[in-house]
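Each chain, written out:
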Amino acid sequence: MEAYLDNSATTRCSERAAAVMTELLCGGYGNPSSLHNKGKEAEDAIRKARGQIAATMKIDGKELIFTSGGTESNNLALLGGALANQRQGKHIVTTEIEHPSVQAPLDVLESLGYEITRLPVDADGILSLEELRQALRPDTVLVSIMMVNNEIGAVEPIAEAAAVIHEANPDTLFHVDAIQAYGKYRIYPKKLGIDLLSVSGHKIHAPKGVGFLYVRDRVKVKPTVYGGGQQKGMRSGTENVPGIAALGTAAEEAYEDFDDKIAHLYALKERFIAGVANIPGVTVNGKTGRDSAPHIVSVTAEDVRSEVLLHSLEEYGIYVSAGSACSSNKPAPSRTLLAIGMEKRRLECTVRVSFSVHTTEAEVDYAVEKLGEIVPFRRRFTRK
Amino acid sequence: MYRSFLIKYAEIAIKGKNRYLFEDALVRQIDLALRKAEGEFSVRREQGRIYVDVQSERFDYDETVAALQCVFGIVGICPVVLVEDAGFDRLAEDVISYLKRAYPGQAFSFKVNARRARKNYPMESMEINAALGERILAAFPGTRVDVHSPEVMLHVEIRNQINIYSVVIPGPGGMPVGTNGKAMLLLSGGIDSPVAGYMIAKRGVTIDAVYFHAPPYTSERAKQKVVDLAGIVARYAGPIDLHVVNFTDIQLYIYEQCPHEELTIIMRRYMMKLAEHFAKERGCLGLITGESIGQVASQTMQSLAATNEVCTLPVYRPLIGFDKQEIVGISERIHAYETSILPYEDCCTIFVAKHPVTKPSLHVIRNDERKLAEKIDALVQEAIDTVEVIHIEP
């Protein structure tokens, strides 16, 4: 039996999305910038995808910039948003638990003279709205907060944060990294007060190499890629037509029978948490109820290094992620786990389990059963 | 401009009656190595020299030189222009045309070094030197003669054809692989063992390798790294059969039965035993390790003695007297370093005591190994039975 429980890393491409993609790779392979009909066909495919995605977010399809994925979307939002609105100021607010694709461009901005305030989070990974309020200044150009944390599934109070930001400073842009949230929540940026929002295709059963940035109408962003002026100059380069079309299809699919799918994910999560509760030494980190993401569980198996646990599970065809990689010469402790105050001993023994709509109860049971065998065995071997 | 390379080899030229064996091996290794370079080549032996001739219209000069630089036994690679003997005037023209192309700046100090291997040539070496020097000075006013440290040492060798060359690219030296038996290299993902393999291969030794894999404590990616390192050694040493031995159960058993501070020594003893098993199976005449005295706890004189004791085959330790920095230098030169330092998960530290013994007593170690009596033979046999052999081509 195989149990792929690493859906926050990437997901299997949906068959519908793959079929759309194949047709555009081999049939409608025109360049959307070409003037002939073959080009028009490709352009139509992109228009359709815009419509499909726009419908899931109640936005205008024109407010989407297609990118190569989540990392580029975050880079474009932060670098492009900050550089285009320098007159507003050079202060940016974010949290300590953002994904590296948010942290790294902010580090670049910091080196260019921007001031970055990184807000701490509580033991569940949730930021404090009061601390956010206090951090905001007249020269705050941008606030970037992730909606769902990729390591522990913490859900940040995005709507409340938007209200706090806009009350303090109506000109401050609010960027939301929704890479782990899109497809799991109904996200309506206009109602929530979000200006910029990043999404990655391969987290929602679209292929790798495609994503988008939502840029609210009238929000200015400076492009980060220059060239032939495609996508109104916001993102040059021949569009990844097959990827974009597949993303449109996958987005549409994600929100079909939406409530049932989310209920299924929560049921899996609860089943898993109840299952591992009986294994000595195993604990679940952060919130675990319906106020946490439906698809992510962070698990600590005391005295079992996360990589050892990961590779032990792999021997049974069970795939999870290591919270932090213990490498021979490059230890990289997880910033999220550090931020929630986890001690090093436990941090090194933490793995992430993440589900998708394709995950079955049998797979969850299988993983729980194997964890029950592996953890007590591996705990016998620790460094002395 | 070059269509041929003159291959210089030193050590093998003195091997007496076995000389042809060494030359055959060198030609074979050159042939093999040139498969990596774009172009078609033939290798020929003539009057105690080896030439590589380009047969195809297109060939990649840099790739050709790089391939030849991996062949042990070669001390120098000389891109050479070969011309027919059509009188001295014609030779002078050829030399000038060669210099024009090889040194477009046309301002250099030079010395002509003629050699008359074919004694029926009408001029003597010294005469050729003088006459050619005059012609060169006349053709290139920017040049001057410097017999002590010339920028260009122009070799003109009168053989069946006349050889004109002035560039000698250093080769790796050593002896052609295949002239000196076979040995089993204990290969890890680190810096030392690939260098050790390289150094023994340099003496003409064919290499097989063994790697101890400990899933889930070491990952598939750690194994991939070892496969990649074996590939780097194979560029010089030729094809390698890499034996991947699953060592986990042995490791866990030792962990549970023996004192923690002796784990490393006892594990290494079993690694040596297993390596020797595969070595004998493959007809190897020795083991190779990357050990260097005192580098870590398991490489003190006492520890080396303790691990050495389990083997009957000789254990070759070419790095034994090297400092780390010297080893790193060779690793960089053979292009293994970047791969060796790649990070990969290695949770084997669980099996490394915080304070391992540095002066193990054989008596104590043997005594503690008795605690393994119940299962160890079966576990060793299982490791032997489940070995995975990966054939690695250069």
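Note that this is a predicted model, so its numbers are computed, not measured.

Q: Sorry if this is basic, but what is going on with the overall build of chain B here?
A: Summing up its helical and strand segments, chain B has 13 helices and 15 strands in all. For chain B, the C-alpha radius of gyration of 27 Å lies well beyond 21 Å, the compact-globule estimate for 394 residues. Its C-alpha atoms put chain B at 85 × 35 × 35 Å along the principal axes. Of all 394 residues assigned to chain B, the portion counted as buried reaches 41%. Contacts in chain B between residues at least 24 apart in sequence constitute 80% of all its contacts with a sequence separation of at least 6.

Q: It is not clear to me how the overall build of chain A should be interpreted in this structure. Could you clarify?
A: Regarding its fold elements, chain A presents 13 helices and 13 strands. Expected size for 384 residues packed as a compact globule is a radius of gyration near 21 Å; at 21 Å, chain A falls within 12% of this value. Taken over the C-alpha atoms alone, chain A extends approximately 65 × 50 × 40 Å along its principal axes. Per-residue burial for chain A yields a buried fraction of 50% across its 384 residues. Look at the contacts in chain A between residues 6 or more apart in sequence, and 75% of them connect residues 24 or more apart.

Q: Would you take a moment to explain the pairing of strand E4 (residues 115-119) of chain A for this structure?
A: A regular strand carries its side chains on alternate faces of the sheet. Residues and elements named next belong to chain A. Note: strand E3 (residues 91-95) against E4, five bridges, orientation parallel. Bridge assignment links Thr94 to a residue of E4, and that residue is Arg118. Between E3 and its parallel partner E4, the chain crosses via helix H4 (residues 100-111), and the hand of that crossover is right-handed.

Q: Can you walk me through helix H10 (residues 324-333) of chain B in this structure?
A: Working note: α-helix, 3.6 residues per turn, so residues spaced by three or four point in the same direction. All names here are of chain B. For H10, the complete set of buried residues consists of Ile327, Ile330 and Ser331. What you see down the axis of H10 is that its buried residues fit within an arc of 105°, all on one side. Exposed side of H10, more than 90 degrees from the buried face: Gln325 and Arg333 are the residues found there. Contacts made by the buried residues of H10 are with helix H5 (192-201) and helix H11 (337-340). Where H10 ends, the next residue or the one after it, His335, has phi of about 65°, a positive value.

Q: Can you walk me through the pairing of strand E10 (residues 296-301) of chain A in this structure?
A: All names here are of chain A. Most of E10 is tucked away, with six of its six residues classed as buried. Alternating residues of E10 divide into Ile296, Ser298 and Thr300 and Val297, Val299 and Ala301, and every residue in both groups is buried. Inspection of the sheet shows strand E9 (residues 282-285) paired to E10 by four bridges, in the antiparallel sense. Of the residues in E10, the one forming a bridge with Asn285 is Ser298. Bridging between E10 and strand E13 (residues 350-354) involves five bridges; their strand directions are antiparallel. Looking at the pairing, Ser298 lines up with Arg352 of E13.

Q: Can you walk me through the domain arrangement of chain B in this structure?
A: How large an interface is tends to be reported as the accessible area lost when its parts come together. Taken domain by domain, chain B holds domain 1 (4-170) and domain 2 (182-392). When each unit is reduced to the centre of its C-alpha atoms, the spacing between domain 1 of chain B and domain 2 of chain B is 44 Å.

Q: Mind showing me how you'd approach unusual backbone geometry here?
A: Trans peptide bonds make up the majority, and among non-glycine residues the majority have a negative phi. Residues and elements named next belong to chain B. With omega at 5°, the peptide bond leading from Pro215 into Pro216 counts as cis. Along the polypeptide, Pro216 turns up in the loop between strand E11 (206-213) and helix H6 (220-237). Backbone geometry places His335, a non-glycine residue, at a positive phi of 65°. Relative to the assigned elements, His335 resides in the loop between H10 and H11.

Q: Please explain the sheet that holds E9 of chain A as it appears in this structure.
A: Each strand in a sheet pairs with another by means of backbone hydrogen bonds, the pair being arranged parallel or else antiparallel. Residues and elements named next belong to chain A. Taken in spatial order, the four strands line up as E9-E10-E13-E12 in an open sheet, and their pairing is antiparallel. Bordering the open sheet on either side are E9 and strand E12 (321-322), each of which pairs with just one other strand. Taken strand by strand, helix H9 (residues 258-276) contacts E9, E10 and E13, and its axis lies near 10° from that of E10.

Q: Is there a simple way to think about the packing of helix H1 (residues 19-34) of chain B against helix H2 (residues 61-68) of chain B in this case?
A: If you want to describe how two helices pack, look at the angle between their axes and the distance between the axes. Residues and elements named next belong to chain B. For the pair H1 and H2, interaxial distance at closest approach is 9 Å and the crossing angle is 140°. On the basis of their axis angle, the class for H1 and H2 is oblique. Considering how the two elements wind past one another, H1 and H2 form a crossing that is right-handed. Residues Ile30, Ala33 and Leu34 of H1 form the contact with H2, whose participating residues are Thr64, Ala67 and Leu68.

Q: Mind showing me how you'd approach the domain arrangement of chain A here?
A: Residues and elements named next belong to chain A. One can read the domain layout of chain A as domain 1 (15-254) and domain 2 (257-378). The straight-line distance from the C-alpha centre of domain 1 to that of domain 2 is 28 Å. Contacts between the two partners involve 16 residues from domain 1 and, on the opposite side, 21 residues from domain 2. The residue inventory of the side of domain 1 that touches domain 2, partitioned by class, reads eight nonpolar, four polar and four charged.

Q: How should I be thinking about the nonpolar core in this particular structure?
A: Residues and elements named next belong to chain B. If you look at the biggest cluster of nonpolar residues, it comprises 213 residues, and the most contacted ones within it are Met184 and Val233. In terms of residue count, helix H8 (residues 263-281) provides more of this core than any other element does, 11 residues in total. Beyond its immediate sequence surroundings of up to four residues, Val233 is in contact with Pro194, Gly197, Tyr198, Ala201, Ile207 and Ile240.

Q: It is not clear to me how the sheet that holds E3 of chain A should be interpreted in this structure. Could you clarify?
A: All names here are of chain A. The mixed open sheet is built from seven strands, whose spatial order is E2-E8-E7-E6-E5-E3-E4. The two strands at the open ends of the sheet, each matched to only one other strand, are strand E2 (64-67) and E4. Neighbour-to-neighbour, the strand axes of the sheet open up by a mean angle of 20°, direction not taken into account. By the bridge criterion, five bridges tie strand E7 (residues 196-200) to strand E8 (residues 211-215) in an arrangement that is antiparallel. Its bridge partner being in E8, Leu197 is matched across the sheet by Tyr214. Set on the sheet, helix H3 (residues 70-84) makes contact with E2, E3, strand E5 (140-146), strand E6 (173-177), E7 and E8; between it and E7 the angle comes to about 160°.

Q: Whenever I open this one, the packing of helix H2 (residues 37-57) of chain A against helix H8 (residues 241-254) of chain A confuses me. Can you help?
A: All names here are of chain A. As a packed pair, H2 and H8 sit with axes 8 Å apart at the nearest point and diverge in direction by 30°. As the angle between them shows, H2 and H8 are arranged roughly parallel. Crossing geometry of H2 relative to H8 is assigned as left-handed. Here H2 contributes Ala42, Ala45, Ile46, Lys48, Ala49, Gln52, Ile53 and Thr56 to the contact with H8, which in turn contributes Val241, Ile244, Ala245, Leu247, Gly248, Thr249, Ala251 and Glu252. Tallied by class, the residues present in the contact of H2 with H8 amount to 10 nonpolar, four polar and two charged.

About the criteria used
- Residues numbered from 1 in each chain as written.
- Chains lettered and ligands numbered in written order.
- Predicted model: local features only at pLDDT ≥ 70, side-chain atom pairs only at ≥ 80, totals over all residues.
- Helix = DSSP H or I, 4+ residues; strand = E, 2+ residues; numbered from the N terminus.
- Rg over C-alpha atoms; globule rule 2.2 N^0.38 Å.
- Buried ≥ 20, exposed ≤ 12 C-beta atoms within 10 Å, placed from the backbone.
- Contact = placed C-beta atoms within 7 Å.
- Pairing = 2+ DSSP bridges.
- Right-handed = clockwise from strand over helix to strand, strands pointing away.
- Arc of directions from axis to C-beta.
- Domains from an automatic or database assignment.
- Axes fitted to C-alpha atoms, helices over the stretch in contact; angles between N-to-C directions.
- Parallel < 35°, antiparallel > 145°, perpendicular 65-115°, else oblique.
- Left-handed = near helix turned anticlockwise from the far one by under 90°.
- Nonpolar A, V, L, I, M, F, W, Y, C, P; charged D, E, K, R; others polar.
- Core = buried A, V, L, I, M, F, W, Y, C linked by C-beta atoms within 7 Å.

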